Amino acid sequence: MQVQYVCSKCGKLQPVTLRAPKCDCGGLWKLDFQPPAFDLDLVDKTQWNLFRYRAFMPLADDTWKSVTMGEGMTPIIDFDEDLMLKMDYFMPTLSFKDRGAAVLAAHCASIGVKSVVQDSSGNAGNSVAAYFGKIGIDCDIFVPEGTSPGKIDMIRAHGSQVHIIPGSRDHCADVCRAEVIKAGKYYANHVYNPFFYEGTKTYIYEVYEQLGRIPQHIFVPLGNGTLFLGVIFGLEHLLTSGIIDRMPQIIAIQSERCAPFAAAKENGYKEPAQVEVKPTLAEGIAIGKPMRGAEILEKIYAYDIEIVEIPEDWILPARAALAKKGIYCEHTTAGNYAAYQKYCQIHGKTPDSLITMCGAGLKSDH
């Protein structure tokens, strides 16, 4: 299997053994990789983890066997007659980020990486700490001040060094990237590294395998776009494979206090709009400067993706409503349900809808 990095800006090709986090021109890497047509017969049903879909992943060897902790294969439950929940916090570190971290860890181990640096609002750092720690790769995780103490405790428990950075999530990323350049360590970042999206695209494979179809409406939180792009890549693969004949209606979710994509779409911009990032309970998607913004907007325009903004004062009531039905999720995840409620208020009854439960509730009890 011939897999290479390709620069999203200049098109330059590089081997995936390269340690540089991005191209010399500043462009982020994509993968020059064409998986075989999706076919359930190619799914390894002896594996109860996301590596059951490895026939559709650019993995060089069987390193994944030492990495997997049973991530993926999360259940889909009926919440009411119109809405289904995919319980993605039923994973080893209690968030959907395990999908990408597992695949990225397998890649890094296969090319001999010994230490990594990563920045996160909490969940991705926790996943990277867990999976890289499991296979003996040292981690330094940078998080912004205000990150949930439970997430920080989990990162430390996995053996990683935690660096708490004053200021915004975007500033934390800048500090971390400066450290990557200074220390020369591998940047195991869920936004920069395209192997991460090879894990998050399994969300769609699972939905199709579990339901035997794709729902009409798929709601996806959108901050840096790690799940959003994974969902798009998975759906595009099903489309080109002839498994589905059209894209479902995708609804991207942003916080009303940090909505660079909503503002960009409203004005027809090709780059995310410059916005003031205000404090929000939806900390996981409070990204003012998403690094794959142009790529994400291309997908938004290509598939006529709608964007709904979470009303801040709807988040805690949404969390309470979920909890009363047995679903105890973190604040950002409750925002997904609040966004669904807002969408229904605008558009009316929205049947055959799917939202993701991204993170468990104990992770955001401040």
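Residues numbered from 1 in each chain as written. Predicted model: local features only at pLDDT ≥ 70, side-chain atom pairs only at ≥ 80, totals over all residues. Heavy atoms only, no water.

Student: Where do I start with the pairing of strand β11 (residues 249–255) in this structure?
Tutor: In summary, the side chains of a regular strand alternate between the two faces of the sheet. Burial runs high along β11: 6 of the 7 residues are buried. On the question of chirality, the crossover connecting strand β10 (residues 217–221) to the parallel β11 by way of helix α8 (residues 226–240) is right-handed. When β11 meets strand β12 (residues 306–310), the two strands line up parallel, connected through 5 bridges. Of the residues in β12, the one forming a bridge with Ile-253 is Val-308. (Buried < 20%, exposed > 50% of the residue type's maximum accessible area, 1.4 Å probe, protein only. Helix = DSSP H or I, 4+ residues; strand = E, 2+ residues; numbered from the N terminus. Right-handed = clockwise from strand over helix to strand, strands pointing away. Pairing = 2+ DSSP bridges.)

Student: Teacher, can you tell me more about the pattern of salt bridges here?
Tutor: Pairing between side chains becomes possible if they bear opposite charge and their charged atoms approach one another. Inspection of the entire model under this criterion finds 17 salt bridges. Between Glu-295 and Arg-292 there is a salt bridge; the shortest N-O distance is 3.1 Å. Glu-295 gets classed as buried once you look at its relative accessible area, which sits at 11%. Several salt bridges share partner residues, and in doing so they unite Lys-86, Asp-88, Arg-99 and Glu-206 into one network. (Salt bridge = Lys/Arg side-chain N within 4 Å of Asp/Glu carboxyl O.)

Student: Got a minute to help me understand the packing of aromatic side chains in this structure?
Tutor: The relative placement of two aromatic rings is captured by the distance of their centres and the angle of their planes. Using the criterion set out here, one finds 15 aromatic pairs in the structure. Residues Tyr-5 and Trp-29 carry aromatic rings whose centres are separated by 5.3 Å and whose planes lie at 10 degrees to one another, so their mutual orientation is stacked. Of this pair, Tyr-5 sits in strand β1 (residues 4–7) while Trp-29 sits in strand β3 (residues 29–32), and the two are 24 residues apart along the sequence. By relative accessible area, which is 1% here, Tyr-5 ends up buried. By relative accessible area, Trp-29 is classed as buried at 3%. Each ring, one from Tyr-337 and one from Tyr-340, has its centre 6.3 Å from the other, and the planes form 15 degrees; the classification is stacked. You can see Tyr-337 and its partner Tyr-340 sitting in helix α12 (residues 331–347), 3 residues apart, about one turn around the helix. (Phe/Tyr/Trp six-rings, centres within 6.5 Å; stacked < 30°, edge-to-face > 60°.)

Student: Help me out: how do you make sense of α12 in this one?
Tutor: Note that an α-helix has 3.6 residues per turn; residues three or four places apart therefore point the same way. Taking 1.5 Å per residue as the helical rise, α12 with its 17 residues ought to reach 24 Å, and the 24 Å between its terminal C-alpha atoms agrees with that figure. Counting buried positions along α12 yields 12 of 17 residues, so the element is predominantly enclosed. Taken as a whole, α12 has its buried residues at His-331, Thr-332, Thr-333, Ala-334, Gly-335, Asn-336, Tyr-337, Ala-338, Ala-339, Tyr-340, Tyr-343 and Cys-344. Where α12 is buried, its residues contact β5 (83–86), β10, β11, β12, α11 (315–323) and β13 (353–356). (Expected span 1.5 Å × (residues − 1). Contact = heavy atoms within 4.5 Å.)

Student: What's the story with the sheet that holds β13 in this structure? I'm lost.
Tutor: Each strand in a sheet pairs with another by means of backbone hydrogen bonds, the pair being arranged parallel or else antiparallel. Spatial strand order, β4-β5-β13-β10-β11-β12: 6 strands in an open sheet with mixed pairing. Lying at the two open borders of the sheet, with one neighbouring strand each, are β4 (76–78) and β12. Averaged over neighbouring strand pairs, the angle between their axes works out to 25 degrees when direction is ignored. Pairing of β4 with β5 involves 3 bridges; the strand directions are antiparallel. Within β5, the position partnered with Ile-76 by the bridge is Lys-86. On the sheet, α8 packs against β10, β11 and β13 and is oriented at approximately 145 degrees with respect to β10. (Axes fitted to C-alpha atoms, helices over the stretch in contact; angles between N-to-C directions.)

Student: Please explain the sheet that holds strand β8 (residues 161–165) as it appears in this structure.
Tutor: On the basis of which strands lie adjacent, the open sheet formed by 4 strands has the order β8-β7-β6-β9 and parallel pairing. Among the strands making up the open sheet, the edge pair consists of β8 and β9 (186–187). Note: strand β7 (residues 138–144) against β8, 5 bridges, orientation parallel. Each bridged residue has a counterpart across the sheet, and for Pro-144 the counterpart in β8 is Ile-165. Sheet contacts for helix α4 (residues 149–157): β7 and β8; angle to β8, the most-contacted strand, approximately 150 degrees.

Student: Please explain the environment of Phe-196 as it appears in this structure.
Tutor: With respect to the helices and strands, the residue Phe-196 is situated in helix α6 (residues 195–200). In this structure Phe-196 comes out as buried when scored by relative accessible area, which is 0%. Separated by 111 residues in sequence, Phe-196 and Ile-307 place their C-alpha atoms 24 Å apart. Discounting chain neighbours no more than four positions away, the residues touching Phe-196 are Lys-97, Gly-100, Ala-101, Leu-104, His-190 and Thr-226.

Student: What am I meant to see in the nonpolar core here?
Tutor: It is characteristic of soluble globular proteins that their nonpolar side chains tend to be buried jointly. Membership of the largest hydrophobic core comes to 87 residues, with the highest contact counts inside it found for Phe-51, Val-116, Phe-132, Ile-214, Phe-228 and Leu-235. Every residue in contact with Leu-235, bar those within four places of it in the chain, is listed here: Ile-204, Ile-214, Ile-218, Ile-244, Met-247, Pro-248 and Ile-250. Counting residues in hydrophobic clusters, the runner-up holds 27 residues, among them Leu-83, Met-87, Ile-285 and Tyr-343. (Core = buried A, V, L, I, M, F, W, Y, C linked by side-chain atoms within 4.5 Å.)

Student: Is there a simple way to think about the packing of α11 against α12 in this case?
Tutor: Any two packed helices are characterised by the angle at which their axes cross and by the distance between the axes. α12 packs onto α11 with a crossing angle of 95 degrees between their chain directions and a minimal axis gap of 8 Å. Classed by the angle they form, the pair α11 and α12 counts as roughly perpendicular. The residues of α12 that touch α11, namely those facing Ile-315, Leu-316, Ala-318, Arg-319, Ala-321 and Leu-322, are His-331, Ala-334, Gly-335, Tyr-337, Ala-338 and Gln-341. Considering only residue class, the contact of α11 with α12 consists of 8 nonpolar, 3 polar and 1 charged. (Parallel < 35°, antiparallel > 145°, perpendicular 65-115°, else oblique. Nonpolar A, V, L, I, M, F, W, Y, C, P; charged D, E, K, R; others polar.)

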